[in-house]
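# Structural overview for review
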Amino acid sequence: MKTALVTGASRGIGLEITRRLAAEGYALTIAARREPGLLEVAASLRETGAEIHAVVANLAREEDITRLAAEHAEKYGALDLLVLNGGVGAEGRVAELPLKTYDLVLNVNLRAQFQLIQETLPLLRKSAGTAPARGAKIVALASITGVAGEPGLAAYGASKAGLISLCETVTLEESRNGITATALCPGYVDTDMAAQKRDTIGLETMLTTGDVAELVLAVSRLSAHAAVPTIVLSRAGEQIWRA
Ligand SMILES: NC(=O)c1ccc[n+]([C@@H]2O[C@H](COP(=O)([O-])OP(=O)(O)OC[C@H]3O[C@@H](n4cnc5c(N)ncnc54)[C@H](OP(=O)(O)O)[C@@H]3O)[C@@H](O)[C@H]2O)c1
């Protein structure tokens with residue numbers, strides 16, 4: 001049995017990744033901050049026969065992340081795929097962005113990811129040891145703004161650039177143990193997070209949650225011989241390096 005842990009699984013990109021992993025036969029731990037949406041997703045997936053463990057956890061709280069990793073360990077004892085998807089958006093130019101907002105964005109989008117990787121590494125190593133040809137994978141939802149900066153997305157872009165670097169280092173340090181990490185960097189995807197952009201850039205120009213989920217599945221199927229540090233997923237059109 002393959003197991004995966006997906007954060008931010010209650011809505012948007014994380015929900016689509018979760019649905020597709022469940023259909024592939026993964027036993028899943030799913031996490032989000034708010035209970036009702038998470039439990040609804042868990043119930044509907046269980047109806048399809050999927051094995052789902054739901055954990056309410058706020059990525060801004062260190063103790064919640066520790067509990068999330070511990071519950072997955074207790075339930076499944078190993079981890080084939082860690083999907084670091086939960087995250088928060090924030091707009092604000094460098095000149096005006098409150099430091100409190102900066103701290104929240106960096107905590108949820110980068111510190112939490114660092115901690116969750118650290119606390120699940122023993123489980124990932126165990127899975128990779130059991131299935132050395134396949135290894136174990138980490139896929140993190142970064143953003144194209146972590147590759148090319150955008151005005152008004154100072155803290156968000158910085159957090160995602162940090163996440164891209166973190167994935168590279170994890171691969172360098174852990175591929176000898178069969179673990180690789182990939183930072184997935186999409187432009188605007190049609191979810192609640194990008195809802196305020198629907199009027200300005202047009203819904204029809206946005207990526208779909210399925211586009212992103214498909215790449216997560218592709219990475220999950222690679223052998224332990226392959227490492228994919230970064231995938232940039234741009235919106236079609238005349239500018240490649242913009243959200
Ligand atoms: N949408 C885009 O245009 C876009 C583009 C590039 C990258 N991304 C990245 O892709 C990931 C998913 O984005 P999305 O668009 O699917 O976002 P979304 O629709 O806003 O969903 C966010 C998910 O993360 C959870 N979450 C938010 N804050 C949390 C916290 N403090 N603790 C625990 N869970 C939390 C939410 O759970 P609750 O509902 O319980 O809060 C929800 O399940 C994020 O990392 C985002 O930065 C998004």
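Preceding block: the structure.
What comes next is a walk through the structure. Residue numbers here run from 1 along each chain, matching the order of that chain's written sequence. Given that this is a predicted model, residues contribute local features only at a pLDDT of at least 70 and side-chain atom pairs are listed and counted only at 80 or more, while totals for whole chains, interfaces and linings are drawn from all residues. Values shown for side chains rest on all heavy atoms present in the structure; no hydrogens or waters enter the calculation.

## A look at the overall build of the protein chain
Selection rule: Elements are defined by DSSP. Helices are runs of H or I of four residues or more, strands are runs of E of two residues or more, and each kind is numbered from the N terminus. Restricting the calculation to C-alpha atoms gives the radius of gyration, and the globule rule supplies 2.2 Å times the number of residues raised to the power 0.38. Only protein chains enter the accessibility calculation, which uses a 1.4 Å probe; a residue is then buried when its area is under 20% of its type maximum, exposed when over 50%, and partly exposed in between. What makes two residues a contact is simply this: any of their non-hydrogen atoms within 4.5 Å. Surface accessibility follows the Shrake-Rupley procedure with a 1.4 Å probe radius. Residue values consider only the protein chains on display as shielding. For the purpose of charge, His is not counted, nor are the chain termini; Lys and Arg are scored as positive and Asp and Glu as negative. Charged groups are reduced to one reference atom each: NZ for lysine, CZ for arginine, CG for aspartic acid, CD for glutamic acid.
If you tally the helices and strands in the protein chain, you get seven helices and seven strands. When the helices and strands of the protein chain are placed in sequence order, the string is β-α-β-α-β-α-β-α-β-α-β-α-α-β. For 243 residues, the compact-globule formula gives about 18 Å, and the C-alpha radius of gyration of the protein chain, at 17 Å, lands near that figure. Relative to its 243 residues, the protein chain shows a buried fraction of 51%. Taking the contacts inside the protein chain whose residues are at least 6 apart along the sequence as the reference set, 69% of them involve residues at least 24 apart. Roughly 11300 Å² of accessible area belongs to the protein chain as shown, and the carbon and sulfur atoms make up 52% of that amount. With 24 positive and 27 negative side-chain charges, the protein chain shows a separation of 2 Å between the mean positions of the two kinds.

## Some words on empty space enclosed by the protein
Rule in force here: The method works on a 1 Å grid over the protein atoms by themselves. A cavity is a set of points holding a 1.4 Å probe that cannot get out, a pocket is an open set with protein on both sides within 12 Å along at least five of seven lines, and residues with an atom within 4 Å of a point line them. Grid points are joined across faces, edges and corners, and a volume is the space filled by probe spheres set on the points. Under the grouping applied here, Gly and all other residues not named as nonpolar or charged are polar, the nonpolar ones being Ala, Val, Leu, Ile, Met, Phe, Trp, Tyr, Cys and Pro and the charged ones Asp, Glu, Lys and Arg.
Using the criterion set out here, one finds one cavity of 30 Å³ or more in the structure. Considering the residues around the largest cavity, the lining is formed by Y26, D80, L81, R134, G135, A136, K137 and S220. A breakdown of the residues in the lining of the largest cavity according to their chemical character gives three nonpolar, two polar and three charged.

## Details of the pattern of salt bridges
The test is simple: Any Lys or Arg side-chain nitrogen located within 4 Å of an Asp or Glu carboxyl oxygen qualifies as a salt bridge.
For the structure on display, the rule yields 14 salt bridges. Residues E63 and R61 are paired through a salt bridge, measuring 3.1 Å at the closest nitrogen-oxygen approach. Accessibility expressed as a relative area gives 47% for E63, which makes it partly exposed. With a closest N to O distance of 3.2 Å, R111 and E62 form a salt bridge. Highlighted residues: R111 in helix α4 (residues 99-130) and E62 in helix α3 (residues 62-76), separated in sequence by 49 residues. On the basis of relative accessible area, E62 is assigned to the partly exposed category, the value being 43%. It is possible to trace a salt-bridge network through shared partners that takes in R61, E63, D64, R67 and E71.

## Things to note about the site of the ligand
To keep it simple, the criterion reads: Residues are classed as near a molecule or strand on a simple rule: at least one heavy atom within 4 Å of it. Each polar contact in these results corresponds to two N or O atoms within 3.5 Å; when the atoms are within protein, one needs to be able to donate a hydrogen and the other to accept it, and residues that are neighboring in sequence are counted only if both atoms are side-chain atoms. Being in a pocket or cavity means that more than half of the molecule's atoms lie within 2 Å of its grid points.
Near the ligand there are 29 residues, and of these S10, R33, R34, Y156 and T191 occur at the shortest range. Here an oxygen atom of the ligand and a backbone polar atom of I13 are 2.8 Å apart. One nitrogen or oxygen atom from the main chain of R34 is found 2.6 Å from an oxygen atom belonging to the ligand. In the complex, 96% of the free accessible area of the ligand, which totals 890 Å², lies under the protein chains. Counting atoms within 2 Å of the grid points, the majority share of the ligand lands in the largest pocket.

## Side note on the nonpolar core
Note the following rule: Take the buried residues of types Ala, Val, Leu, Ile, Met, Phe, Trp, Tyr and Cys, join any two whose side-chain atoms come within 4.5 Å, and each joined set is a nonpolar core.
Residues L82, L116, I117, L124 and I138 are the most contacted members of the largest nonpolar core, which totals 38 residues. Of all elements in the fold, only α3, β4 (81-84), α4, β5 (136-141), α5 (154-174) and β6 (179-186) reach the threshold of two or more residues within this core. Looking at which element gives the most residues to this core, the answer is α4, with 11 residues. By size, the runner-up hydrophobic cluster in this structure holds 32 residues, among which are A22, A32, L38 and V189.

## Observations regarding α3
Defined as follows: What a helix should span is 1.5 Å times the count of its residues minus one. Throughout, the arc means the angular range of directions from the helix axis out to the C-beta atoms.
When the terminal C-alpha atoms of α3 are compared, their 22 Å separation across 15 residues agrees well with the 21 Å that a helix rising 1.5 Å per residue should span. Buried within α3 are the following residues: D64, I65, L68, A69, H72 and Y76. In a view along the axis of α3, the buried residues occupy a sector of 135 degrees, so they form one face of it. Next to the buried residues of α3 lie β1 (3-7), β2 (27-32), β3 (52-56) and α4.

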